[in-house]
Structure formats: structure tokens, C-alpha cells
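Examination of the molecular architecture
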Amino acid sequence: GDASLDLRGLHLHLGSQIADVDPYAAAIDVLVEKSAMLNHRHGFAVDTISPGGGLGVAYTATDAIASVPQLVNRIASATVAATSAPTRSGPRRWG
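Overview of the structure. All values reported here derive from a predicted model rather than from experimental measurement.

Section: the pattern of salt bridges
Two side chains bearing opposite charge may form a pair once their charged atoms approach each other closely. Taken as a whole, this structure holds two salt bridges when the rule is applied. Across the pair Asp47 and Arg8 runs a salt bridge whose closest N-O atoms are separated by 2.5 Å. Taken together, the residues span a long stretch of sequence, with Asp47 in the loop between helix 1 (22-42) and strand 2 (48-50) and Arg8 in the segment before strand 1 (9-11) at a distance of 39 residues. With a relative accessible area of 44%, Asp47 lands in the partly exposed category. For Arg8, a relative accessible area of 47% translates into the label partly exposed. Residue Asp22 pairs with Arg74 through a salt bridge whose shortest N-O separation is 3.3 Å. Of this pair, Asp22 sits in helix 1 while Arg74 is found in helix 2 (residues 68-84), placing the two residues 52 residues apart along the sequence. Residue Arg74 is classed as partly exposed on the basis of its relative accessible area, which comes to 30%.

Put into C-alpha cells, the structure is as follows:
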């Protein structure tokens, strides 16, 4: 058999029923950072990232769920910000 692996990208699964768009922005930041690390350490160029997850569904009138346009705008702005940021040296700390 073929022992090689054709790794194309990175994916996170944030969960389902996510009501807020901010976790997606955090996921994009992590994915871009890990992509840069893979490229720097191993010469691997990630061509696809996916924050995964599932936007929530309002089951009651009081459930506050982000809209699809809000999600798309947040992912797009987070991607632009993360890919435009200067390269960091050293490990990033999350807390």
C-alpha cells in the first residue's frame, strides 16, 4: 500500500449549537498559527483551513443565535487579521 499521506489542510471541530461567532475567530487564529508553524518546521504549506463547528439553531424566541452573515463576516475578518499579522517568534500562550 501507499505509505504517504497527502495532508492538505487543518480542521478544528468547535462543537455544535454555537451561538456566538467569537469562537470561530479564535479557531482561525489557532489554525493560521499552526499552519505557519508547520511551514516553518517542516516545509508544509497548508492550503486549506476549516474552523468547523455548527452554528446554533434558536429553539425558543429568547435564544440569541448569530446569523449566517454575521458568521461569514467574522470568519472573513479573522482570516484577514490572522494572515496579515506579523510573524511571531516563540510559542504563543493561551490563557
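Quick look at the environment of Val30
Mapped onto the elements, Val30 comes out in helix 1. Distance in space between the C-alpha atoms of Val30 and Leu12 is 9.3 Å, their sequence separation being 18 residues.

Considering the packing of helix 1 against helix 2
Running from amino to carboxyl end, helix 1 crosses helix 2 at an angle of 30°, the nearest separation of the two axes being 9 Å. Regarding the angle of helix 1 to helix 2, the classification is roughly parallel. The two elements helix 1 and helix 2 meet at a crossing, and its hand is right-handed. Across from Asp22, Tyr24, Ala25, Ile28, Asp29 and Val32 in helix 1, the residues of helix 2 making contact are Leu71, Arg74, Ile75, Ala78, Thr79, Ala82 and Thr83.

Analysis parameters
Residues numbered from 1 in each chain as written. Predicted model: local features only at pLDDT ≥ 70, side-chain atom pairs only at ≥ 80, totals over all residues. Heavy atoms only, no water. Salt bridge = Lys/Arg side-chain N within 4 Å of Asp/Glu carboxyl O. Helix = DSSP H or I, 4+ residues; strand = E, 2+ residues; numbered from the N terminus. Buried < 20%, exposed > 50% of the residue type's maximum accessible area, 1.4 Å probe, protein only. Axes fitted to C-alpha atoms, helices over the stretch in contact; angles between N-to-C directions. Parallel < 35°, antiparallel > 145°, perpendicular 65-115°, else oblique. Left-handed = near helix turned anticlockwise from the far one by under 90°. Contact = heavy atoms within 4.5 Å.

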